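Read off the chains here:
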Amino acid sequence: MFQPKTWDFDERPLVVIWEITRACALACKHCRAEAIPHRNPLELTTEEGYRLMDQVRELGSPVFVLTGGDPLMRPDFYDLIRYGTSIGLRVSSSPSGTALVKREAMRKAAEAGLRRVSFSLDGASAETHDAFRKVRGSFDWTMNGIRYAREAGMEVQINTTISRYSIGELEDIARLVEELGAVLWSLFFLVPVGRGVAEDLVSPEEHERVLRWAWELSGRVPFAVKTTEAPFYRRVALQMGGELPGPARVAPGRGDGAAGGAPTYAPDIPLPGRFGSYGVNDARGFVFISHIGEVCPSGFLPLVAGNVREQPLAKIYRESPLFRELRNPDLLKGKCGVCEYRFVCGGSRARAWALTGDHLASDPSCVYVPPAARAAAG
């Protein structure tokens, strides 16, 4: 049984995501937030945001991501970056590919302290990307945003949702990622929540093929490759000859978004040996705060454990029954519960919940059958 050297996930997360707004000008097919054109008046205020960041900083120095909706829809976006940076947080953000991504916006974000931005690219051409994002022009705005961010001195991460719409273009998107000078390509495996639907999922066999291809790709490209909501990438990596790293072995400069070369982490971020991160999963090293302060295991697992307007973030993360059970791999059910890789994988808890209604059920998109499950089946 593989048990990685880990941070104490019971005490503090490696990654904190704050959805600062759900407002967005796009209408993406897969949007977990079901983003809306205008801001919700119940969003956390600027001052509440500052207090939230103080609480995040008390948890150590996790990766801290301002997401949305579209973060650029908040006029205090730059103030939030500036404050988070001033208290020692490593702030990243994920603006949408819209007309708001101007050169001046990227310059101001960099001057406020933003070190990395991520843009979504869901096709290798305007035709396929814009069809997925459902707004004509999004591809060109995204290309411009990437160029502006690099001009401003920021690292660029590119995110691609793996679905039936994109799976046939992955080789072409990978070439584009390299041409654009991105430091990291994140493969987001679709979870059918929000506007996402199960019919757009790739099959379990296609999940496996993409992950094996991604592992092979990661050894021959200048950018890092990670996955989101496909923690069995770690199992695939081990089966294909990867090594299980500990946090002390993180190498600056590859998958590293921190200032000054200090290592950072994100779900499944590649570590030495091209291996994915060591056991981060929904509620286990990862926490999501919604635009109205609700605390969830992830944005793709919208089960609410508390609200930062009512309880400290640390208390919710450490003590809520939902988070505590999600951090215990021995509570998993079905083949995930007997899998020898459950401490480094654990399956997508979000996809299990979305497809079965049970956040502890086996991940239906994983093809691997553990020896214990085969033996039990006779």
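Nothing here was measured: the structure is a model prediction, and the numbers come from that model.

Colleague: Sorry, what's going on with the overall build of the chain here?
Modeller: A count of helical and extended segments in the chain gives 13 helices and 10 strands. Residue pairs in contact within the chain that sit at least 24 positions apart in sequence constitute 73% of those at least 6 positions apart.

Colleague: Would you explain the side chain of Ser 96 in this entry?
Modeller: Relative to the helices and strands, Ser 96 resides in the loop between strand 3 (90-93) and helix 3 (103-112). Looking at Ser 96, the relative accessible area reads 10%, which means it is buried. Apart from the residues lying within four places of it in its own chain, the contact partners of Ser 96 are Cys 24, Leu 26, Gly 69, Asp 70 and Val 101.

Colleague: So what exactly am I meant to see when it comes to helix 12 (residues 349-356) here?
Modeller: Helical geometry note: an α-helix holds 3.6 residues per turn, so side chains three or four residues apart project in the same direction. Where helix 12 is concerned, the buried positions are Arg 349, Ala 350, Arg 351 and Ala 352. Of the surrounding secondary structure, the elements contacted by the buried residues of helix 12 are strand 6 (184-189), helix 7 (204-218), helix 10 (321-326) and helix 11 (334-338). Looking at the residues trailing helix 12, positive phi occurs at Gly 357, about 85°.

Colleague: Looking at this structure, how should I read the pairing of strand 2 (residues 63-67)?
Modeller: In terms of residue burial, strand 2 counts as a mostly covered element, since 5 of its 5 residues are buried. Both faces of strand 2 are covered, namely the face carrying Val 63, Val 65 and Thr 67 and the face carrying Phe 64 and Leu 66. Pairing between strand 1 (residues 15-19) and strand 2: 5 bridges, direction parallel. Its bridge partner being in strand 2, Glu 19 is matched across the sheet by Thr 67. Crossover strand 2 to strand 3 through helix 2 (residues 77-86) is right-handed.

Colleague: Where do I start with the packing of aromatic side chains in this structure?
Modeller: Any two aromatic rings considered together are summarised by their centre-to-centre distance and by the angle between their planes. Under the counting rule described, the total for this entry stands at 9 aromatic pairs. Here Trp 185 and Trp 213 contribute two aromatic rings whose centre-to-centre distance is 6.0 Å and whose plane-to-plane angle is 90°, an arrangement assigned as edge-to-face. Of the two residues, Trp 185 sits in strand 6 while Trp 213 sits in helix 7, which places them 28 residues apart along the sequence. Taking 6.5 Å as the distance between ring centres and 65° as the angle between the ring planes, the aromatic pair formed by Trp 215 and Tyr 233 counts as edge-to-face.

Colleague: Just checking my understanding: could you explain the pairing of strand 1 for this structure?
Modeller: When a strand is regular, its side chains alternate between the sheet's two faces. The element strand 1 is largely enclosed, with a buried count of 5 among its 5 residues. Bridge analysis of strand 1 against strand 8 (residues 286-289) gives 4 bridges, and the strand direction is parallel. Along strand 8, the bridge assignment pairs Trp 18 with Ile 289.

Colleague: What am I meant to see in the environment of Pro 222 here?
Modeller: Mapped onto the elements of the fold, Pro 222 is located in the loop between helix 7 and strand 7 (224-228). Judged by relative accessible area, which is 58%, Pro 222 ranks as exposed. Taking the C-alpha atoms as reference points, Pro 222 and Glu 178, separated by 44 residues in sequence, lie 7.2 Å from one another.

Colleague: For this particular structure, what's the right way to read unusual backbone geometry?
Modeller: Peptide bonds are trans in most cases, and residues, glycine excluded, mostly fall at negative phi. Here the amide bond leading from Gly 68 into Gly 69 is cis, since omega sits at 25°, within 30 degrees of zero. Within the fold, Gly 69 resides in the loop between strand 2 and helix 2. With phi around 65°, Lys 134 is a residue other than glycine that occupies positive phi space. Assessed through its relative accessible area of 53%, Lys 134 is described here as exposed.

Colleague: What exactly am I supposed to notice about helix 2 here?
Modeller: Within the span of helix 2, buried status applies to Phe 77, Tyr 78, Leu 80, Ile 81 and Gly 84. Taken around the axis of helix 2, the buried residues stretch over an arc of 160°, which confines them to a single face. Considering only its buried residues, helix 2 is in contact with strand 1, helix 1 (46-58), strand 2, strand 3 and helix 3. Directly after helix 2, the chain includes Gly 88, whose backbone phi takes a positive value near 95°.

Colleague: Just to check I follow, could you spell out the pattern of salt bridges for this structure?
Modeller: Charged atoms that come close allow side chains of opposite charge to pair. Under the defined criterion, the tally for this structure stands at 22 salt bridges. Glu 208 is paired through a salt bridge with Arg 212; the nearest N and O atoms lie 3.6 Å apart. In this pair, Glu 208 and Arg 212 both sit in helix 7, 4 residues apart, roughly one turn of the helix. Residue class for Glu 208 comes out buried when judged on its relative accessible area of 11%. When its relative accessible area of 33% is taken as the criterion, Arg 212 is described as partly exposed. A salt bridge links Glu 216 to Arg 220, with the shortest nitrogen-to-oxygen separation between them at 2.9 Å. Look at Glu 216 and you get partly exposed, because its relative accessible area is 39%. Overlapping salt bridges bring together Arg 39, Glu 43, Arg 74 and Asp 76 as one network.

Colleague: Would you mind showing me how to read the side chain of Ser 348 here?
Modeller: Positionally, Ser 348 belongs in the loop between helix 11 and helix 12. Polar side-chain contacts of Ser 348 include one of 2.6 Å to the side chain of Glu 229. Not counting residues within four places of it along the chain, the set of residues in contact with Ser 348 comprises Val 191, Glu 229, Pro 231 and Asp 363.

Colleague: Whenever I open this one, the confidence of the model for the chain confuses me. Can you help?
Modeller: Overall, the predicted model of the chain reaches an average pLDDT of 87, with 88% of residues at or above 70. This stretch, residues 1-6, has a pLDDT under 50; its non-local contacts, to residues over four places away or in other chains, come to 20 contacts. Contacts for the low-pLDDT stretch residues 245-277, under 50 throughout, to residues beyond four places or in other chains number 103 contacts.

Reading guide: rules and limits
Residues numbered from 1 in each chain as written. Predicted model: local features only at pLDDT ≥ 70, side-chain atom pairs only at ≥ 80, totals over all residues. Heavy atoms only, no water. Helix = DSSP H or I, 4+ residues; strand = E, 2+ residues; numbered from the N terminus. Contact = heavy atoms within 4.5 Å. Buried < 20%, exposed > 50% of the residue type's maximum accessible area, 1.4 Å probe, protein only. Pairing = 2+ DSSP bridges. Right-handed = clockwise from strand over helix to strand, strands pointing away. Phe/Tyr/Trp six-rings, centres within 6.5 Å; stacked < 30°, edge-to-face > 60°. Arc of directions from axis to C-beta. Salt bridge = Lys/Arg side-chain N within 4 Å of Asp/Glu carboxyl O. Polar contact = N/O pair within 3.5 Å; in protein donor to acceptor, adjacent residues only side chain to side chain. pLDDT = per-residue confidence, 0-100.

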